[in-house]
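So the chains spell out like this:
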Amino acid sequence: MARTTIELRIKRQDTPTAAPYWEEFSMPWRANMNVISCLMEIRKRPVTRAGQKTTPIAWDASCLEEVCGSCTMLVNGKPCQSCTQLVDKLPDAPIVLEPLTKFPIVRDLQVDRTRMFEGLKQVKAWIAIDGTHDLGPGPRVSESEREIAYAFSRCMTCGCCMEVCPQFNDRSDFIGPAPLAQVRLFNAHPTGHMNARERLESIMGRGGLSECGNAQNCVEVCPKEIPLTEAFGELGRQTTGLWLKKLFGG
Amino acid sequence: MRVSDSTYYTLKRLHSLSGVVPIGAFLLEHFLTNSRALQGAAAFDRAAAELAGLPYVVLLEAGGIWMPILFHMVLGILIATTSQANLDRHGYARNWHYSLQRFSGLFLVLYLVYHTWSTRFSAEAMSAPSLFAYMREHLSHPGVFAFYVLGVIAACYHFGNGLFGFAIHWGLVTSRSAQRWAGRAAMAVVVVLSLVGINALLAFTGHGLNLFQKHAPPPADVTVMNASEHR
């Protein structure tokens, strides 16, 4: 049965510390709508299903083509990018929108993902090429490694993996899956490899790789199908090697 | 207690390692010895006496069993407190294993306290002339038997599934397909070990199945038993 109206149930929160509440919205169905275009409709006329005037909903969005990650939220309980959630592909029931639960809420569906970006800084998720002189061209990368590196480079720090990770929460210091995978990416790069040890050491302490509990939810929900759990295995091997090297020398 | 980053990593590595060696190795030895019960009371009592009479036995027990288990237990409880299970929202198979690993571990803390007290340190166990007879009596209560079955399954699961975690933590398996096979192999270990463990429990109640044995239990056992009973 095709929809004639689109119903939404949205979890709202006015300030970072205010109590959350639910509001319901309804709008006429149009072809090819996605969750963001629904939110835009509400913004045009912020009136609840019951006819009560309300404030427009706050949410983050930038690219609208699933490469920036900023519009990530829970749609019907699953973390995903709201820009690519097509209404016609969702079950014919009220669409439930909630902010991500693992990050501090700014307002409504907007969250502060600073903790993830801090993680990227901690693991030095970049390649150090700045110098006072021309370093010349970098070494070539084999096609097979390029292919794997490309998979890891697609990470858009959307936070889906952090959202579903049982080890990423307020009680643990776990840095989370996304920054760990970037260690795998940058350590495999011929130039990035020169800082490989630093990156490995940055994930060998509290909150590092060893907090991973192998629930492997991250790899189930990653919208970019990044082989996160393969990265953890490889990093496990690399950190084990470094650990033994530090214990026994060599 | 605050520890340095390198100590922290070492502790986590030792936690992972201790679950396989010596604790996992001890589990296998323990099941093998208990399976002597399939060959009769005398065979089991002799095996138990043989173990108790090993040279350096106190050192072996303390360093190879008690201390590693205590270490694994304390760190395991601390690790469990940092988790936030989310099976209700994300019911993927490996997420179930993640939660079951923690749940079985916590259950084993209870089980091992009861198990070691009742079979090792309680007055009845200490004074029992035959450990087999004591175990038969102990396991004759259906509640105790059921608790032991649960304990055996929890231990086998925690060990088997722990091997999967071990394989990834130490980087023994990295590719998706290798991890999938490691997961299957881990479950095979769980099933086979559980059956061995439960069969040993059944042996104490006289219902064990003598499987995969080359020779029937030596008849000498029976005569030794009879002789001692006549005396």
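Definitions and cut-offs
- Residues numbered from 1 in each chain as written.
- Chains lettered and ligands numbered in written order.
- Predicted model: local features only at pLDDT ≥ 70, side-chain atom pairs only at ≥ 80, totals over all residues.
- Heavy atoms only, no water.
- Pairing = 2+ DSSP bridges.
- Helix = DSSP H or I, 4+ residues; strand = E, 2+ residues; numbered from the N terminus.
- Axes fitted to C-alpha atoms, helices over the stretch in contact; angles between N-to-C directions.
- Contact = heavy atoms within 4.5 Å.
- Buried area = accessible area lost by both parts, 1.4 Å probe.
- Salt bridge = Lys/Arg side-chain N within 4 Å of Asp/Glu carboxyl O.
- Polar contact = N/O pair within 3.5 Å; in protein donor to acceptor, adjacent residues only side chain to side chain.
- Buried < 20%, exposed > 50% of the residue type's maximum accessible area, 1.4 Å probe, protein only.
- Domains from an automatic or database assignment.
- Phe/Tyr/Trp six-rings, centres within 6.5 Å; stacked < 30°, edge-to-face > 60°.
- Lys NZ or Arg CZ within 6 Å of the ring centre and 35° of its normal.
- UniProt positions renumbered as here; feature names shortened; annotations may be inferred.
- Parallel < 35°, antiparallel > 145°, perpendicular 65-115°, else oblique.
- Nonpolar A, V, L, I, M, F, W, Y, C, P; charged D, E, K, R; others polar.
- Patch = residues over 30% accessible without salt bridge, like charges linked within 9 Å, V, L, I, M, F, W, Y side chains within 5 Å.
- Areas by Shrake-Rupley, 256 points an atom, 1.4 Å probe, with all protein chains shown as cover.

**A short note on the sheet that holds strand 5 (residues 95–98) of chain A**
Residues and elements named next belong to chain A. Across the sheet, which stays open at both edges, the 5 strands sit in the order 2-1-5-3-4 with mixed pairing between neighbours. A single partner strand is all that each edge strand has here, and the edge strands are strand 2 (21–28) and strand 4 (78–81). Across the sheet, the axes of successive neighbouring strands diverge by a mean angle of 30 degrees, strand direction being ignored. As paired elements, strand 1 (residues 5–12) and strand 2 share 8 bridges and run antiparallel to each other. Residue pairing across strands places Ile6 opposite Met27, the latter belonging to strand 2. Across the sheet, helix 1 (residues 35–44) lies against strand 1, strand 2, strand 3 (72–75) and strand 5, angled at about 80 degrees from strand 1, the strand it touches most.

**Concerning the interface of chain B and chain A**
Chain B puts 34 residues into the contact, and the matching count from chain A is 40 residues. Carbon and sulfur atoms supply 46% of the area that chain B and chain A bury against each other, a total of about 3,400 Å² over both sides. For the pair chain B and chain A, the interface holds 2 salt bridges. Among the ionic pairs, Glu98(A) bridges to Arg89(B), the shortest N-O distance being 2.8 Å. Our enumeration of links across chain B and chain A arrives at 21 residue pairs in polar contact (both at pLDDT 80 or more). Elements supplying a minimum of two residues to the side of chain B that touches chain A: helix 1 (5–20), helix 5 (93–121), helix 8 (142–169) and helix 9 (176–204) of chain B.

**Remarks on the pattern of salt bridges**
Residue and element names in this part refer to chain A. This structure, assessed with the given rule, holds 20 salt bridges over all chains. Between Asp108 and Arg12 there is a salt bridge, with its nearest N and O atoms 3.0 Å apart. Of the two residues, Asp108 sits in the loop between strand 6 (105–107) and strand 7 (110–111) while Arg12 sits in strand 1, which places them 96 residues apart along the sequence. For the pair shown, Asp108 and Arg12 are each scored as buried. For Arg49, the salt bridge goes to Glu24, with nearest N and O atoms at 3.5 Å. Placement of the pair is Arg49 in the loop between helix 1 and strand 3 and Glu24 in strand 2, with a sequence separation of 25 residues. Salt bridges sharing partners connect three or more residues here, namely Glu7, Arg9, Glu24 and Arg49.

**Observations regarding the domain arrangement of chain A**
All names here are of chain A. If you check the domain split of chain A, you get domain 1 (5–111) and domain 2 (113–128 + 137–249). Taking only C-alpha atoms into account, the centre of domain 1 sits 31 Å from that of domain 2. Taken together, the contact pairs 15 residues of domain 1 with 14 residues of domain 2. In this structure, the connection of domain 1 to domain 2 is made through 1 salt bridge. Between Lys224 and Glu66 there is a salt bridge, and its shortest N-O distance comes to 3.2 Å. Put simply, domain 1 and domain 2 have 7 residue pairs in polar contact (both at pLDDT 80 or more) between them. For the side of domain 1 that touches domain 2, the elements supplying multiple residues, two or more each, are strand 3 and strand 4.

**Some remarks on the packing of aromatic side chains**
Under the criterion given, the structure shown has 14 aromatic pairs over all chains. Ring geometry for Trp66(B) against Phe121(B): centres 6.1 Å apart, planes inclined by 40 degrees, an arrangement best described as tilted. Taken together, the residues span a long stretch of sequence, with Trp66(B) in helix 4 (residues 57–81) and Phe121(B) in helix 5 at a distance of 55 residues. Residue Trp66(B) is classed as partly exposed on the basis of its relative accessible area of 33%. Accessibility expressed as a relative area gives 48% for Phe121(B), which makes it partly exposed. Here the aromatic cluster, defined as three or more aromatic residues joined through ring pairs, consists of Phe107(B), Tyr111(B), Tyr114(B), Trp117(B), Phe147(B) and Tyr148(B). The aromatic ring of Trp22(A) is capped on one face by Arg9(A), whose charged end is 4.3 Å from the ring centroid.

**Describing the UniProt feature "transmembrane region" (unreviewed entry) in chain B**
All names here are of chain B. The positions that UniProt labels "transmembrane region" (unreviewed entry) are, in the present scheme, residues 65–87, 99–117, 145–173 and 185–204. Secondary structure over residues 65–87 splits into 74% helix and 0% strand, and the C-alpha atoms at its two ends are 33 Å apart. For residues 145–173, helix accounts for 86% and strand for 0%, while the C-alpha atoms at its two ends are 37 Å apart.

**Quick word on the packing of helix 5 of chain B against helix 7 (residues 131–139) of chain B**
All names here are of chain B. Closest axis-to-axis distance for the helix 5/helix 7 pair is 11 Å, and the angle between their directions is 130 degrees. By the angle between their axes, helix 5 is oblique relative to helix 7. Seen from helix 5, the contacting residues are Tyr114, Ser118 and Thr119; seen from helix 7, they are Leu131, Tyr134, Met135 and His138. Class assignment for the residues of the contact of helix 5 with helix 7 results in 4 nonpolar, 3 polar and no charged.

**A short note on the pairing of strand 3 of chain A**
Residues and elements named next belong to chain A. Taking every second residue as pointing to the same face, both faces of strand 3 are buried, with Thr72 and Leu74 on one and Met73 and Val75 on the other. Bridge count for strand 3 against strand 4 is 4 bridges, and the pairing is antiparallel. Among the inter-strand pairings, Thr72 is bridged to a residue of strand 4, identified as Gln81. Connecting strand 3 to the next strand, strand 4, in antiparallel fashion are 2 residues, including Asn76 with a positive phi near 50 degrees. Examined bridge by bridge, strand 3 and strand 5 share 2 bridges and lie antiparallel to one another.

**Structural notes on a nonpolar patch on the surface**
The grouping of Leu51(B), Leu54(B), Tyr56(B), Leu59(B) and Leu60(B) at the surface amounts to a nonpolar patch, some 530 Å² of accessible area in total. Its location among the elements puts Leu59(B) in helix 4.

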